[in-house]
Amino acid sequence: MSQDIYVVIEHLRGQVADISYTMLAGARELSPAAGGKVVAVLLGHNAKDLAKDFAADQVLYLDHAALAEFTSDAYQLALADLIGKDQPRAILFGNTSIGADVASVLSMRLGLPLVNSCRSFTSNAKFISQICGGKIMAEGELPSPTALVTMVPGGYSPDQGRSVDSPPIAESAVPALEALRVTLSKYIEPESADVDISKEPLLIAVGRGIQNQDNIELADALAQAIGGVVCASRPVIDQGWLSTSRLVGKSGKQVKPKVYFAMGISGAPEHVEAITQSGTIIAVNTDPKAPIFDIAKYGVQMDLFELVEVLTGQLKAKV
Amino acid sequence: MNIVVLIKLVPDLVEELTIDSGGAGLDLTFARWIINEFDDHALEQGILLKERHGGTVTVVAPDLEGADDVLFTAAAKDADRLIKVKGDFTMANNHALARAFSAIIKDLQADLILTGVQAHNDLDGSAGPLLAECLQLPYVGYVSGVAVNDGKSTIRKEYPGGLLAEMEVALPTVLGIQAAEQPPRYVAVSKVRQAMKTSSIEELDASDLNPDGAAEIGRMFQPEAAAHAEMIEGSPEEVSAKLVGLFKELGVL
Ligand SMILES: Cc1cc2nc3c(=O)[nH]c(=O)nc-3n(C[C@H](O)[C@H](O)[C@H](O)COP(=O)(O)OP(=O)(O)OC[C@H]3O[C@@H](n4cnc5c(N)ncnc54)[C@H](O)[C@@H]3O)c2cc1C
Ligand SMILES: Nc1ncnc2c1ncn2[C@@H]1O[C@H](COP(=O)(O)O)[C@@H](O)[C@H]1O
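Residues numbered from 1 in each chain as written. Chains lettered and ligands numbered in written order. Predicted model: local features only at pLDDT ≥ 70, side-chain atom pairs only at ≥ 80, totals over all residues. Heavy atoms only, no water.

Draft legend 1. Region of interest: the overall build of chain A. Looking only at helices and strands, chain A has eight helices and 17 strands in total. Here the C-alpha atoms of chain A give a radius of gyration of 22 Å, agreeing with the 20 Å that 2.2 N^0.38 yields for 319 residues. Taken along its principal axes, the extent of the C-alpha atoms in chain A is 70 × 45 × 35 Å. Counting every position in chain A, which comprises 319 residues, the buried fraction comes to 59%. For chain A, contacts bridging at least 24 residues in sequence account for 63% of all contacts bridging at least 6. On chain A, the mean spot of the 26 positive side-chain charges and the mean spot of the 35 negative ones are 2 Å from each other. (Helix = DSSP H or I, 4+ residues; strand = E, 2+ residues; numbered from the N terminus. Rg over C-alpha atoms; globule rule 2.2 N^0.38 Å. Buried < 20%, exposed > 50% of the residue type's maximum accessible area, 1.4 Å probe, protein only. Contact = heavy atoms within 4.5 Å. Lys, Arg positive; Asp, Glu negative; His and termini not counted. Charge placed at Lys NZ, Arg CZ, Asp CG, Glu CD.)

Draft legend 2. Looking closely at the pairing of strand E16 (residues 280-284) of chain A. Residues and elements named next belong to chain A. Buried residues dominate E16, accounting for five of its five residues. Across the two faces of E16 the burial is the same, with Thr280, Ile282 and Val284 and Ile281 and Ala283 all buried. Relative to E16, strand E15 (residues 259-263) runs parallel, the two sharing five bridges. The residue of E16 that forms the bridge with Val259 is Thr280. Taken together, the three bridges between E16 and strand E17 (residues 298-300) define a ladder with parallel strand orientation. Directly across from Ala283, in E17, lies its bridge partner Gly299. (Pairing = 2+ DSSP bridges.)

Draft legend 3. Layout of the site of ligand 2. Residues and elements named next belong to chain B. If you check the shell around ligand 2, you find Ser144, Gly145, Val146, Ala147, Thr154, Ile155, Arg156, Glu166 and Glu181 and nothing else. For ligand 2, an oxygen atom lies 3.2 Å from a polar atom in the side chain of Glu181. When ligand 2 sits alone it has 470 Å² of accessible area, and the protein chains cover 52% of it. Breaking the shell around ligand 2 down by element, the ones donating at least two residues are strand E7 (139-149) and strand E8 (152-158). Residue contributions to the shell around ligand 2 peak at four residues, all from E7. Residue classes in the shell around ligand 2 are distributed as three nonpolar, three polar and three charged. (Near = heavy atom within 4 Å. Polar contact = N/O pair within 3.5 Å; in protein donor to acceptor, adjacent residues only side chain to side chain. Areas by Shrake-Rupley, 256 points an atom, 1.4 Å probe, with all protein chains shown as cover. Nonpolar A, V, L, I, M, F, W, Y, C, P; charged D, E, K, R; others polar.)

Draft legend 4. A look at the domain arrangement of chain A. Residues and elements named next belong to chain A. Assigned domains of chain A: these are domain 1 (5-171) and domain 2 (197-317). The straight-line distance from the C-alpha centre of domain 1 to that of domain 2 is 33 Å. Contacts between the two partners involve seven residues from domain 1 and, on the opposite side, five residues from domain 2. When domain 1 packs against domain 2, the two sides together hide about 390 Å² of surface, and 61% of this comes from carbon and sulfur. It is Gly133, Lys135 and Pro153 that lose the most area in domain 1 upon contact with domain 2, and together they represent 63% of the buried surface on that side. Linking domain 1 to domain 2 there are one residue pair in polar contact (both at pLDDT 80 or more). (Domains from an automatic or database assignment. Buried area = accessible area lost by both parts, 1.4 Å probe.)

Draft legend 5. Quick look at the interface of chain B and chain A. Contacts between chain B and chain A engage 80 residues on the former and 83 residues on the latter. For the pair chain B and chain A, the summed buried surface comes to about 6,800 Å²; carbon and sulfur atoms form 62% of the total. There are six salt bridges connecting chain B and chain A. Counting residues per element, the side of chain B that touches chain A draws most heavily on helix H6 (residues 236-249) of chain B, at 10 residues. Tallied by class, the residues present in the side of chain B that touches chain A amount to 45 nonpolar, 19 polar and 16 charged. Relative to strand E13 (residues 230-231) of chain B, E17 of chain A is paired through two bridges, and the arrangement is parallel. Paired with Gly299 of chain A across the bridge in E13 of chain B is Met231 of chain B. (Salt bridge = Lys/Arg side-chain N within 4 Å of Asp/Glu carboxyl O.)

Draft legend 6. Representation of the packing of helix H2 (residues 67-76) of chain B against helix H5 (residues 189-198) of chain B in the model. Residues and elements named next belong to chain B. Interhelical geometry of H2 versus H5 gives an angle of 100° and a closest axis separation of 8 Å. Taken together, H2 and H5 sit at an angle that is classed as roughly perpendicular. Counting all contacts with H2, which are made through Asp69, Phe72, Thr73, Ala75 and Ala76, the residues of H5 involved are Lys191, Val192, Ala195 and Met196. Here the residues of the contact of H2 with H5 are counted per class, giving six nonpolar, one polar and two charged. (Axes fitted to C-alpha atoms, helices over the stretch in contact; angles between N-to-C directions. Parallel < 35°, antiparallel > 145°, perpendicular 65-115°, else oblique.)

Draft legend 7. Local environment of the pattern of salt bridges. All names here are of chain B. Taken as a whole and judged by the stated rule, the model has 35 salt bridges over all chains. Between Asp122 and Lys8 there is a salt bridge; the shortest N-O distance is 2.8 Å. Of the two residues, Asp122 sits in the loop between strand E6 (112-116) and helix H4 (127-134) while Lys8 sits in the loop between strand E1 (2-6) and strand E2 (9-11), which places them 114 residues apart along the sequence. For the pair formed by Asp122 and Lys8, the shared burial category is buried. As a salt-bridge pair, Lys152 and Glu168 come within 2.9 Å of each other at their nearest N and O atoms. Here Lys152 is found in strand E8, whereas its partner Glu168 is found in strand E9 (residues 164-170), with 16 residues between them in sequence. On the basis of relative accessibility, which here comes to 35%, the residue Lys152 falls in the partly exposed class. With a relative accessible area of 22%, Glu168 lands in the partly exposed category.

Draft legend 8. How the structure looks around the sheet that holds strand E4 (residues 38-44) of chain A. The mixed open sheet is built from 10 strands, whose spatial order is E11(A)-E5(A)-E4(A)-E1(A)-E6(A)-E10(A)-E7(A)-E8(A)-E9(A)-E12(B). Looking at which strands have only one partner, the edges of the open sheet turn out to be strand E11 (169-171) of chain A together with strand E12 (219-221) of chain B. Neighbouring strand axes in the sheet, compared pairwise and without regard to direction, differ in orientation by 35° on average. In this sheet, strand E8 (residues 126-131) of chain A lies alongside strand E7 (residues 114-121) of chain A in antiparallel orientation, the contact comprising three bridges. Paired with Ser120 of chain A across the bridge in E8 of chain A is Ile128 of chain A. Contacts from helix H2 (residues 72-86) of chain A reach strand E1 (5-8), E4, strand E5 (58-63), strand E6 (90-94) and strand E10 (147-151) of chain A within the one sheet, and its direction differs from that of E4 of chain A by about 150°.

Draft legend 9. A look at the nonpolar core. In this structure, Leu79 and Phe93 of chain A together with Phe101, Ile113, Val146, Tyr159 and Leu175 of chain B are the most contacted members of the largest nonpolar core, which totals 104 residues. Look past the residues within four positions of Val146 of chain B in its chain and what remains in contact with it is Gln45, Leu49, Arg52, Leu112, Thr154, Ile155, Leu175, Ile177 and Glu181 of chain B. Counting 38 residues, the second largest nonpolar core, distinct from the first, contains Leu202, Ile204, Val206 and Val284 of chain A. (Core = buried A, V, L, I, M, F, W, Y, C linked by side-chain atoms within 4.5 Å.)

Draft legend 10. Structural context of the site of ligand 1. The environment of ligand 1 is formed by 30 residues, the closest being Arg208, Ser233, Val248, Ser266 and Asn285 of chain A. Of the chains in the model, those with residues near ligand 1 are chains A and B. Separating an oxygen atom of ligand 1 from a side-chain N or O atom of Ser233 of chain A is a distance of 2.5 Å. Taking 980 Å² as the accessible area of ligand 1 by itself, protein coverage stands at 86%. Going through the elements one at a time, helix H5 (234-238), helix H6 (269-272) and helix H8 (304-318) of chain A together with helix H1 (37-53) of chain B are the ones with two or more residues in the shell around ligand 1. Here the shell around ligand 1 is built from residues that sort into 10 nonpolar, 13 polar and seven charged.

Structure below.
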């Protein structure tokens, strides 16, 4: 048993994900109160080099061919073994396509309590989680003696989890990874896109408030009049109204335009995490309490359908 | 093929959320319970697989206000069996839900158990992976495509930026569905009404709702925004004129 804070590093095809650094930053906040070290746990194959810039006191490296790429089964087995042996104070996972496949399973398997969607820790070792689409925060004592935690971005900047000094690395034993029920066949690259929304200076973003496919034309017309590019939140993409390459958010692209003009988007955390690097966010929404207004610089509380054609008309007249 | 779709009902976020007098939970007295958005995708994926491969779709939902609507709507979409799990689920967490559902699902001889990838009130983890472990089955989440052949499933798992991983998963398995291969179908109210007459809901008792595995909440609060947007007021014409000025100022016009 130890008071160490373990951080399960997420990486994909040789690239460490930002959430890993965010979690290292969170662990650094938590470790003084816990009285232990920050330990980065890296699972991979010939992947030691990935640990170079971790802001950790130590790296535990688990090397195995079956860990070369993420699969839920192999990660679960390897981590169940490690956590069972070491019993650290807490283990942090990303609330992501990787971490979410593992943390809940380990909670049941090991009988350890789980805190989901943690955004930050307080200096006296409380967790603060973000639920209900960002509308509710839940705070509590980090459960003892060993807590599993999944983390969402927003509470710490990834840069806080990067270091110029390389941390010491120790190899850790990997249990037998046999009879795996999940195997990776291949990666499928994103469809090639006509535009790269992550590089566009002006984005016209539409959300569920646009109501139907035909109305996408209204956004197109506005984008044309001002010289911007249309992008969207997940519900619009899932309906097939725009191609996946236009998706902004956790499962889509991170964007950083000069201006992000959002219409009919509520501002759910999975959307917001990808637009905070924007220069100026302007939001149009009928709901004065929409969370998007908390991160937008300018807001318009109005039915987008009352505004969009008038605005397009005025822009056309100007240009 | 036996496909089981697990539905989790959640408080509708469109309604005002209030914190109860204890300060550590939501006041759910007047909550409107709706189907978790991603569970709707799980149901759609289940129906699509049934259309492709035959078999049955069984839908399991907890006994909360609105469960009957959700179940009959599923029947109208061609689900075969409707099961309502009785018990006080109002404050039940996902650990409790998973344990109760696993006891019931064990008897259904499912090949494939589909559930939404997550719900907005998953404070103690998501129902899908918790259930998978109760049933000792594999789990993969963030799934947006499922094909079944030769006793295996081939799934597509989403990573950020539109990258997909194709994975083989042994059956039976639990999958957390992020998006069905096509948008959830719409059924007319008349079809739902018809389903109410022609199909029936089986009621099964939940074993005890054991919540172990969650952290205790000290308090809940509504986040105080660090800032709020400067609101632009006026008629559509006035607002447009101000926006045009703003676009110029910001150098995008
Ligand atoms: C694992 C995971 C990954 C996800 N990844 C992403 C992602 O990459 N990107 C993403 O966007 N989402 C993602 N989501 C979904 C996310 O949780 C939200 O469901 C989604 O962002 C909501 O989209 P929205 O704001 O368009 O819709 P809603 O939340 O339904 O909001 C619609 C808004 O439109 C407003 N509105 C309605 N009518 C009008 C009108 N006439 N005029 C003006 N305003 C109007 C409403 O007031 C409301 O605020 C993900 C979810 C999960 C679980
Ligand atoms: N082998 C597969 N595994 C998982 N999903 C698939 C597979 N093949 C097709 N799909 C899904 O079926 C839909 C149609 O795919 P396609 O036939 O490739 O156009 C897509 O949305 C995919 O997600």
